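As a plain string of letters, each chain reads:
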Amino acid sequence: MPVVTQPTVHGMHGSLFESFVSPSRGSTELCAWRTVVGPTQQGTAHRVDREEIFLVLGGEPVLYLDGRPEALQVGAVVFVPADSEVRLDNPGMHEATLWVTAVAGLQATTASGQQISPPWAQ
């Protein structure tokens, strides 16, 4: 799996998650995926159990980290500590695209208590 040109695509909460690296594709430690958030899309707040890193590739998304909004531009990098609450919105009229890297096995919990095992991180 050294070179991946075709991602496995998943949809959740109105966004697309294009998985390039994950345990299901041969990785034992890391996951990497591209997240595409449609125009005027509001994400779902969730608490992550592992660290994540976001790199903005396109658009102007707003990332809420523990309730604090941060308007992002292309090239911005955000470190999300484990046990943080995250929500990713796209208030703009164009898609927002981000590259996300995390440790394999990432889990999340929504405010309602729903447990999420994202398939792009498994």
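This is a predicted model, so every value here is computed, not measured.

Asks: Which parts of the structure should I look at to understand the packing of aromatic side chains?
Replies: Two aromatic rings are characterised by how far apart their centres lie and by the angle between their planes. Scanning all chains against the criterion turns up 3 aromatic pairs. Taken together, a centroid distance of 4.0 Å and an interplanar angle of 0° make the contact between Phe-17 and Trp-120 stacked. Here Phe-17 is found in strand β2 (residues 15-21), whereas its partner Trp-120 is found in the segment after β12 (115-116), with 103 residues between them in sequence. Across the pair, Trp-120 and Phe-17 agree in class, each one buried. With centroids separated by 5.5 Å and ring planes inclined at 45°, the aromatic side chains of Phe-20 and Trp-99 adopt a geometry described as tilted. Note that Phe-20 is positioned in strand β2 and Trp-99 in strand β10 (residues 96-103), a separation of 79 residues in sequence. On the accessibility criterion, Phe-20 (11% relative accessible area) is buried.

Asks: Would you explain the pattern of salt bridges in this entry?
Replies: Here the idea is simple: oppositely charged side chains can pair when their charged atoms come close. Applying the stated criterion to the full structure yields 4 salt bridges. The partner of Arg-47 in a salt bridge is Asp-66, and the shortest N-O contact between them spans 3.9 Å. Here the residue Arg-47 occupies a position in strand β4 (residues 46-48), and Asp-66 occupies one in the loop between β6 (62-65) and β7 (68-71), the gap between them amounting to 19 residues. Residue classification places Arg-47 among the partly exposed residues on the basis of a relative accessible area of 34%. Under the relative-accessibility criterion, Asp-66 is labelled partly exposed at 38%.

Asks: Looking at this structure, I do not really get the sheet that holds β4. What am I missing?
Replies: Consider a sheet: its strands pair through backbone hydrogen bonds, and that pairing is either parallel or antiparallel. With antiparallel pairing, 6 strands are arranged side by side in an open sheet as β7-β6-β9-β4-β11-β12. Only two strands of the sheet have a single partner each, and these edge strands are β7 and β12.

Definitions and limits used
- Here the residue numbers are simple positions, counted from 1 along each chain's written sequence.
- Only residues with pLDDT of 70 or above have their local features reported here, since the model is predicted, and side-chain atom pairs are shown and tallied only from 80 upward, although totals for entire chains, interfaces and linings are computed over all residues.
- Remark: hydrogens and water are excluded; side-chain values derive from all non-hydrogen atoms of the structure.
- Ring geometry is summarised as follows: Phe, Tyr and Trp rings, the Trp one being its six-membered ring, pair when their centres sit within 6.5 Å, and such pairs are stacked at plane angles under 30 degrees, edge-to-face over 60 and tilted between the two.
- Numbering goes from the N terminus for both helices and strands, where a helix is a DSSP run of H or I of at least four residues and a strand is a run of E of at least two.
- With a 1.4 Å probe rolled over the protein chains alone, any residue whose accessible area is under 20% of its type maximum counts as buried; one over 50% counts as exposed, and the rest are partly exposed.
- By definition here, a salt bridge exists when the distance from a side-chain nitrogen of Lys or Arg to a carboxyl oxygen of Asp or Glu is within 4 Å.
- For two strands to pair, DSSP has to find at least two bridges joining them.

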